[in-house]
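# Reading the structure
Given next are the chains, with one letter for each unit.
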Amino acid sequence: MHTLRIVILVVIVAMVSFSAGAGAKAMDLSDLAWMAGNWTGVQGGVEMEEFWQEPKGNTMLGLHRDVAGGRTVSFEFLRIEATPEAITYWASPSGRPATAFRLIEQKGKRAVFE
């Protein structure tokens, strides 16, 4: 009898977990679609370039590069990911492990990650 209770409890927990996961929907990145494209600028003799792909598959992928004196002085791999819990900006400067920054404010063409 004790084994049957454990089996029933495991089945109930599995069903609840499955139904919670099935109903979970990723947050929407469409409000950040304006970021897609090539962004460039020059500041203090440093040429800055950033490229963002359009939202697809709950992600946006990006790449940043700084060039000074004809040499790449820094680069960064970027990702914005939408999950049911949050929209998160992941930055990997110079190929290092990614650091996460959650979206805390978004209005029009302004997005703040912290």
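Above this note sits the structure.
Here goes a summary of the coordinates provided. (Residues numbered from 1 in each chain as written. Predicted model: local features only at pLDDT ≥ 70, side-chain atom pairs only at ≥ 80, totals over all residues. Heavy atoms only, no water.)

### Here we look at the overall build of the protein chain
To be explicit about the condition: Think of it this way: any DSSP run of H or I at least four residues long counts as a helix, any run of E at least two long counts as a strand, and we number them from the N terminus. Only protein chains enter the area calculation, which uses a 1.4 Å probe; residues under 20% of their type maximum are buried, those over 50% are exposed, and those in between are partly exposed. The contact definition used throughout considers only heavy atoms, calling two residues in contact when any of these lie within 4.5 Å.
A tally of regular secondary structure across the protein chain gives one helix and seven strands. Moving toward the C terminus, one meets the helices and strands of the protein chain in the order α-β-β-β-β-β-β-β. Expressed as a percentage of the 114 residues in the protein chain, the buried residues total 17%. Considering only contacts within the protein chain whose residues lie at least 6 apart along the sequence, 27% involve residues at least 24 apart.

### Here we look at the nonpolar core
In plain terms, the rule: Remark: nonpolar core denotes a set of buried residues (Ala, Val, Leu, Ile, Met, Phe, Trp, Tyr, Cys) joined through side-chain atoms within 4.5 Å.
Core analysis: the largest hydrophobic core is formed by 12 residues, namely Leu-29, Leu-32, Met-35, Trp-52, Met-60, Leu-78, Ile-80, Ala-82, Ile-87, Tyr-89, Ala-91 and Phe-113. For this core, the elements supplying multiple residues, two or more each, are strand 4 (71–82) and strand 5 (87–93).

### Some remarks on the side chain of Asp-66
The criterion, for reference: Working convention for charge: Lys and Arg count positive, Asp and Glu count negative, and His plus the chain ends are omitted. Basic side-chain nitrogens of Lys or Arg form a salt bridge, by our definition, when they fall within 4 Å of a carboxyl oxygen of Asp or Glu. Here a polar contact means two N or O atoms within 3.5 Å. Within protein one must be a hydrogen donor candidate and the other an acceptor candidate, and residues neighboring in sequence count only if both atoms are side-chain atoms.
Checked against the element boundaries, Asp-66 lands in strand 3 (residues 59–68). An unpaired buried charge is present at Asp-66: no salt bridge exists, and Arg-65, the closest side chain of opposite charge, is 8.2 Å distant. Reaching out from Asp-66, the side chain makes a polar contact with the side chain of His-64 at a distance of 2.7 Å. Setting aside anything within four residues of it in sequence, one finds Asp-66 in contact with Val-46, Glu-47, Met-48, Arg-71, Thr-72, Val-73 and Ser-74.

### Quick word on the sheet that holds strand 1 (residues 37–43)
Short version of the rule: By definition, two strands form a pair when at least two bridges between them are found by DSSP. Here an axis means a line fitted to C-alpha atoms, over the contact stretch when the element is a helix, while the angle between two N-to-C directions is reported on a 0 to 180 degree scale.
With antiparallel pairing, the seven strands of this open sheet are ordered in space as 1-2-3-4-5-6-7. Of all the strands in the sheet, the pair left with one neighbour each is strand 1 and strand 7 (110–113). Along the sheet, successive strands turn relative to each other by an average axial angle of 25 degrees, direction set aside. Of the pairings in the sheet, the one linking strand 6 (residues 99–107) to strand 7 comprises four bridges and is antiparallel in character. Looking at the pairing, Glu-105 lines up with Val-112 of strand 7.

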